[in-house]
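Each chain, written out:
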Amino acid sequence: MRHLVSMLLQNEAGELARVAGLFAARGYNIESLTVAATPDVDVSRLTLVVFGDEAVIDQIVKQSAKLVDVIEIGELTAREHVERELLVVRFDAPEAAADTCLARFGARLLHRSGTQSVMEYTGNAAEVDDFLDALRQRGEIVDHARSGIAAIERPQIPAGATAQALL
Amino acid sequence: MNAQVDSVGDIRRTPSTHPLAGQSMTGADIVVQVLADEGLDVLFGYSGGAILPVYDAVFRYNADHAADDGSEPLPLIVPANEQGACFMAAGYARASGRVGAALVTSGPGATNAVTPVRDCMADSIPLVVICGQVPTKSIGTDAFQEAPISTIMGSCAKHVFLVTDASTLEATLRTAFHIARSGRPGPVVVDIPKDVQNAPLIFDGSRELPVRGYRTRLRAVESATIADTECARFIALLNRSRRPLIYAGGGIVAAGAADALRDFAHTFGIPVVTTLMGIGGFDTTDPLALNMLGMHGAAYANYAMDDCDLVLALGARFDDRVVGVPDKFAPKARAIAQIDIDPAEIGKVKAVDWHHVGSLDTSLIRLTAYGKRHGFRPDYSAWREHVTALKATHPMNFRRDGEAIQPCAVIEAINRITDGRAIISTGVGQHQMWAAQYFDFREPRHWLTSGSMGTMGFGLPAAIGAQFARRDRVVIDIDGDASIRMNIGELETVTTYGLPVKVVVLNNSGDGMVRQWQKLFFKGRFSASDKSLHKKDFVKAAQADGFEWAQRLDDPARIDATIADFLAFDGPAFLEVVIDPDAGVYPMVGPGATYAEMITGEWIASRHAPATPAEAEPTGMF
């Protein structure tokens, strides 16, 4: 089962290596790992997508919580959350084919030169997969880079209130 | 580089009241001042280029603060190698309950500390290891005696600090001690580059690092009290139970909860089994004591666990040496309750029906008081009679005849004199198990053994550290011929410092525990475990290292007299005992076996049909 773990980490040299090492040493299967600064200059947010059963993930979260530099850690999988991933891709195809994909998926064109378009797309992991598939059907993907998952909790909808759709 | 008055992230912004606040000191001076402030009265370490400034600071500190009789406030004990130094600091910590400190140099000095650091992590022992490091500008250049300690120790220690900003040195070191001793104790490594040691700084006296995640979690755990509703649920579990059993581990010792445990057990009349690390947490001479359980536990302890209907796990983690096959462990237990300071241990191996994350000491006091206040007076007398009968029917025993000396006879002879009041350290293997089985312990912190890591070579340096911690106690290293060789260089450290440590080597010419397994599971193929062609004369070796009392015992008729003379000697003494090489550790619960399949051997009565051990599968548990 796929699990999404998010943690706030003290910005110390070697701390990312320590967290990654904790996972690697126990042979956990990490699909994606992103880390970036937060508004607090001392603190980074680390987001992990890892595969395993409930008991295994529970242990990972508990073991990670013991690390001195971990400020907060939580499993977002079961909670209301938003996942986004950024993709940059260099796509070789006639302009019309590229423009169709851009329009259909709401991707951005960053640069064009001849038949090569550099595009940017954001969506959840499945949507990024779909976008790449659509490109493959219409041309050649020369190169691409995915950023990995960034995720935050969505505000809980209080009981009795109506949900507001977000664009 | 001068220290900033208000470094980023430091806590304690109120002015320090330390008498030396505001004084100019180098980084090295600050290191020594913090060590002194933390209440250390001994340091262990081996010098080298990268740690010279700190060693010089220790020398000057001792010279400036010498007592009237000339004694040093911070003696720096030098071993044969750094592994010895850190095991000495660990022995000091285990025997005293305080943080042990070791000072080593960079590169090979620091990497020699890896084994003891991992050992302390595995057994939850508070240790601070200060490593010298190459200057900050040289880090990562494969400089002379450089090793990437923050990476290496990162997965071994509770925490590692690499101090690249000299202004954070003082706060970092003080925080290292805090982390080592708080929550679930553990080793902290502080890697200090040489230029940081030489940096001119201003001493503050109280600054620490925020480490807010850790402090938040620690505060929650330390202030956690058991709610009334949870106390009630716990008492209800006890009330429904007819055969409750306390399963006490190393957490009792770490928490200083021996008194609280005795009170709890006596108040409700519940018998107690302990793990290897829990030995000493409950007085072995107490009528409720059932001694050690598990792979080499007493038969009656294992049967009690098989028969109980409620397991109270107190500071114990259901380790594989105790549990074997989790599904088959405590088969008749209808409920398990667990108290631990580490939330990651709750329910890790067996699902629990009641748990509390918090201090064992305050938790047990609270539960005892709650039960008393609500008039809870259970009657477990039938169960107590049952376990007393188990003790009488399946007592520990061994071969009492024959021409060779039986190792357990030696332990019994020592125990008759020391009566549960000596500090015992061990190596790892058969001798370790015999010591665990046959010694009495009336108090905690008298049993020092490498439990989780099982590091051979632990016994001698640990005994040295323990003797520094407890000058008032007899300290005995019960060692094996193979185990003691691993750190045999430390024999000279004993005599150099005039420590009255008593060293016993139970010599069976080989790796006894390995041979026992090879006999049982590998049809007696003694691959690399037989050392009967050994050239070493242990007595000569001890004499060469300055032991004035050094003897070999090989006559069973002389056991009592020799041991009495050995223990009575006023100074370091060495006794090699030639023991029966075929002596085995019994009982034994083989890998993957249940307690019902326990092999009790020829001299301990079993209540089941004798089990035939199968040849181990290559991928089986060991």
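Structure first, text after, so check above.
So, here's what we can say about the structure.

Rules behind the numbers
Every chain's residues receive numbers from 1 upward, in the order its sequence appears when written. Written order determines the labels here, with chains lettered from A and ligands numbered from 1. Totals for whole chains, interfaces and linings use all residues, but because this is a predicted model, local features are given only for residues with pLDDT of at least 70 and pairs of side-chain atoms are given and counted only at 80 or more. Only hydrogens and water are set aside when side-chain values are computed; all heavy atoms of the structure are taken into account. For helices the rule is a DSSP run of H or I covering at least 4 residues; for strands it is a run of E covering at least 2, with both sets numbered from the N terminus onward. Atoms counted for the radius of gyration: C-alpha only. Globule rule: 2.2 Å times the number of residues to the power 0.38. Here's how the labels work: a residue is buried when its accessible area is under 20% of the maximum for its type, exposed when over 50%, partly exposed in between, all with a 1.4 Å probe on protein chains only. Pairs of residues are marked as contacts when any of their non-hydrogen atoms sit within 4.5 Å. Following DSSP output, two strands are said to pair if at least two bridges run between them. A crossover gets the label right-handed when its path from the first strand over the helix to the second runs clockwise, viewed with the strands pointing away from the viewer. Axis definition: a line fitted to C-alpha atoms, limited for helices to the stretch in contact. Angles are taken between N-to-C directions and run from 0 to 180 degrees. Residues adjacent in sequence count toward polar contacts only when both atoms are side-chain atoms; beyond that, a polar contact is any pair of N or O atoms within 3.5 Å, and within protein one must be able to donate a hydrogen and the other to accept it. Centre distance within 6.5 Å is the pairing criterion for rings of Phe, Tyr and Trp, where only the six-membered ring of Trp is used; planes under 30 degrees apart are then read as stacked, over 60 as edge-to-face, and the remainder as tilted. Geometrically, a charge over a ring is one whose NZ (Lys) or CZ (Arg) sits within 6 Å of the ring centre while staying within 35 degrees of the ring normal. Throughout, nonpolar core names a set of buried Ala, Val, Leu, Ile, Met, Phe, Trp, Tyr and Cys residues whose side chains join them through atoms within 4.5 Å. The arc in question is the one traced by the directions running from the helix axis out to the C-beta atoms. Any cysteine sulfur atom paired with another within 2.5 Å is treated as part of a disulfide. Any Lys or Arg side-chain nitrogen located within 4 Å of an Asp or Glu carboxyl oxygen qualifies as a salt bridge. When two parts are put together, the accessible area they lose, computed with a 1.4 Å probe and summed over both, is reported as buried area. When describing relative orientation, an angle under 35 degrees is termed roughly parallel and one over 145 degrees roughly antiparallel, while 65 to 115 degrees is termed roughly perpendicular and anything else oblique. The hand of a helix crossing depends on one turn: near helix anticlockwise from the far one by less than a right angle means left-handed, and clockwise means right-handed.

Turning next to the overall build of chain B. Regarding its fold elements, chain B presents 24 helices and 20 strands. Taken over C-alpha atoms, the radius of gyration comes to 25 Å for chain B, in line with the 25 Å a tight globule of 622 residues would show. The principal-axis extent of the C-alpha atoms belonging to chain B is close to 75 × 65 × 50 Å. Every one of the 622 residues in chain B was classed for burial, and the buried ones make up 57%. Residue pairs in contact within chain B that sit at least 24 positions apart in sequence constitute 77% of those at least 6 positions apart.

To continue, consider the pairing of strand S15 (residues 423-426) of chain B. Residues and elements named next belong to chain B. Where burial is concerned, the two faces of S15 agree: the one with Ile 423 and Ser 425 and the one with Ile 424 and Thr 426 are both buried. The pairing of S15 with strand S16 (residues 447-448) spans 2 bridges and is parallel. Bridging across to S16, Ser 425 finds its partner in Leu 448. Handedness of the S15-helix H18 (residues 430-438)-S16 crossover: right-handed.

This next bit is on the sheet that holds strand S20 (residues 573-578) of chain B. Residues and elements named next belong to chain B. Reading across from one edge, S16-S15-S17-S18-S20-S19 is the order of the 6 strands in this open sheet, with parallel pairing throughout. Both edges of this open sheet fall to S16 and strand S19 (549-553), since each of them pairs with a single strand only. Contacts between H18 and the sheet are confined to S15, S16, strand S17 (475-480) and strand S18 (502-507), with S17 contributing the most and set at about 135° to the helix. Helix H19 (residues 459-469) rests against S15, S16, S17 and S18 of the sheet, and its axis sits at about 175° to S17.

This part covers the side chain of Ser64(A). All names here are of chain A. With respect to the helices and strands, the residue Ser 64 is situated in helix H2 (residues 54-65). Polar contacts involving the side chain of Ser 64 include one to the main-chain carbonyl oxygen of Ile 60, which spans 2.8 Å. Apart from the residues lying within four places of it in its own chain, the contact partners of Ser 64 are Met 7, Leu 22, Phe 23, Val 70 and Ile 73.

Two descriptors summarise a pair of aromatic rings, namely the distance from one centre to the other and the angle between the planes of the rings. In this structure the tally under the stated criterion is 21 aromatic pairs over all chains. Consider the rings of Tyr121(A) and Phe131(A), whose centres lie 4.7 Å apart with planes at 25°: the pair is stacked. On the criterion of sequence distance, the pair formed by Tyr121(A) in strand S7 (residues 116-123) and Phe131(A) in helix H4 (residues 125-138) is long-range, its members being 10 residues apart. The exposure class of Phe131(A) is buried, given its relative accessible area of 0%. These aromatic residues form a ring-pair network of at least three members: Phe234(B), Phe264(B), Phe268(B), Trp354(B) and Phe376(B). Positioned above the aromatic ring of Phe398(B) is the side chain of Arg400(B), whose terminal nitrogen or guanidinium carbon lies 3.9 Å from the ring centre.

Our next topic: the nonpolar core. Within soluble globular proteins, side chains that are nonpolar tend to cluster in buried spots. All names here are of chain B. The biggest cluster of nonpolar side chains holds 107 residues, and the ones touching the most others in it are Ile 246, Tyr 247, Met 305 and Ile 478. Not counting the four nearest positions on each side in its chain, Ile 478 is found in contact with Ile 411, Ile 414, Ile 424, Ser 425, Thr 426, Gly 427, His 431, Ala 435, Phe 439, Val 504 and Leu 506. Among the nonpolar cores identified, the runner-up in size contains 54 residues, and Phe 44, Ala 93, Met 153 and Val 503 belong to it.

Let's shift gears to helix H1 (residues 15-25) of chain A. All of the buried residues in H1(A) are Glu15(A), Arg18(A), Val19(A), Leu22(A) and Phe23(A). Down the axis of H1(A), the buried side of the element spans an arc of 135°, and every buried residue falls inside it. Of the residues in H1(A), the exposed ones pointing more than 90 degrees away from the buried face are Ala24(A) and Ala25(A). If you follow the buried residues of H1(A), they end up packed against strand S1 (2-10), strand S2 (29-37), strand S3 (43-51) and H2 of chain A together with helix H6 (149-154) and strand S6 (159-162) of chain B. Gly27(A) sits one or two residues past H1(A) and shows a positive phi near 70°.

Moving on, we come to the side chain of Thr275(B). Residue and element names in this part refer to chain B. The topology assignment puts Thr 275 in the loop between strand S10 (272-274) and strand S11 (289-292). Judged by relative accessible area, which is 9%, Thr 275 ranks as buried. For Thr 275, the side chain forms a polar contact with the main-chain nitrogen of Met 277, separated by 3.3 Å. In this structure Thr 275 touches Tyr 247, Ala 248, Gly 249, Gly 250, Met 292, Leu 293, Ala 316 and Val 322, once residues within four positions along its chain are discounted.

This next bit is on the sheet that holds S3(A). All names here are of chain A. The strand order across the open sheet built from 4 strands is S2-S3-S1-S4, with neighbouring strands paired in antiparallel fashion. The sheet is open, and its two edges are formed by S2 and strand S4 (70-75), each paired on a single side. Direction aside, neighbouring strands of the sheet carry axes that sit 15° apart on average. For S2 and S3, the ladder comprises 8 bridges, and the chain directions are antiparallel. Its bridge partner lying in S3, Val 35 is registered against Leu 46.

With that settled, the discussion passes to the state of the cysteines. All names here are of chain B. Inspection of the entire model under this criterion finds 0 disulfides over all chains. Not part of a disulfide, Cys 131 finds its nearest cysteine sulfur in Cys 86, a span of 7.5 Å. The exposure class assigned to Cys 131 is buried, which follows from its relative accessible area of 0%.

A few words on the pattern of salt bridges. The final tally for this structure, using the stated rule, is 42 salt bridges over all chains. The partner of Asp307(B) in a salt bridge is Arg607(B), with the nearest N and O atoms 2.7 Å apart. Note that Asp307(B) is positioned in helix H13 (residues 299-307) and Arg607(B) in the segment after S20, a separation of 300 residues in sequence. When its relative accessible area of 7% is taken as the criterion, Asp307(B) is described as buried. Of the residues examined, Arg607(B) reaches a relative accessible area of 32% and is grouped as partly exposed. Where Glu412(B) meets Arg400(B), a salt bridge forms, and the shortest distance between an N and an O atom there is 2.9 Å. Of this pair, Glu412(B) sits in helix H17 (residues 407-418) while Arg400(B) sits in the loop between helix H16 (381-393) and H17, and the two are 12 residues apart along the sequence. Note on Glu412(B): relative accessible area 21%, which makes it partly exposed. It is possible to trace a salt-bridge network through shared partners that takes in Lys66(A), Arg184(B), Asp342(B), Glu345(B) and Lys348(B).

Among the 11 residues of H19(B), 10 are classified as buried, and the element is accordingly described as predominantly covered. For H19(B), the complete set of buried residues consists of Gly459(B), Leu460(B), Pro461(B), Ala462(B), Ala463(B), Ile464(B), Gly465(B), Ala466(B), Gln467(B) and Phe468(B).

Moving on, we get to the interface of chain A and chain B. Often the size quoted for an interface is simply the accessible area lost on bringing the parts together. The interface of chain A with chain B comprises 16 residues on the first partner and 19 residues on the second. Both sides together, the interface formed by chain A and chain B hides about 1400 Å², and carbon and sulfur atoms give 48% of it. Three residues, Arg18(A), Lys66(A) and Val68(A), lead the burial of chain A against chain B; their summed loss comes to 45% of the area buried on that side. Our enumeration of links across chain A and chain B arrives at 2 salt bridges. For Asp40(A), the salt bridge goes to Arg212(B), with nearest N and O atoms at 3.2 Å.

This part covers the packing of helix H3 (residues 82-96) of chain B against H19(B). All names here are of chain B. Where H3 meets H19, the axes come as close as 6 Å, and the angle between the chain directions of the two elements is 50°. Taken together, the axes of H3 and H19 are oblique relative to one another. Note on packing geometry: the crossing formed by H3 with H19 is right-handed. Touching Gly 84, Phe 87, Met 88, Gly 91, Tyr 92, Ala 95 and Ser 96 of H3 are Pro 461, Ala 462, Ile 464, Gly 465, Ala 466, Phe 468 and Ala 469, all from H19.

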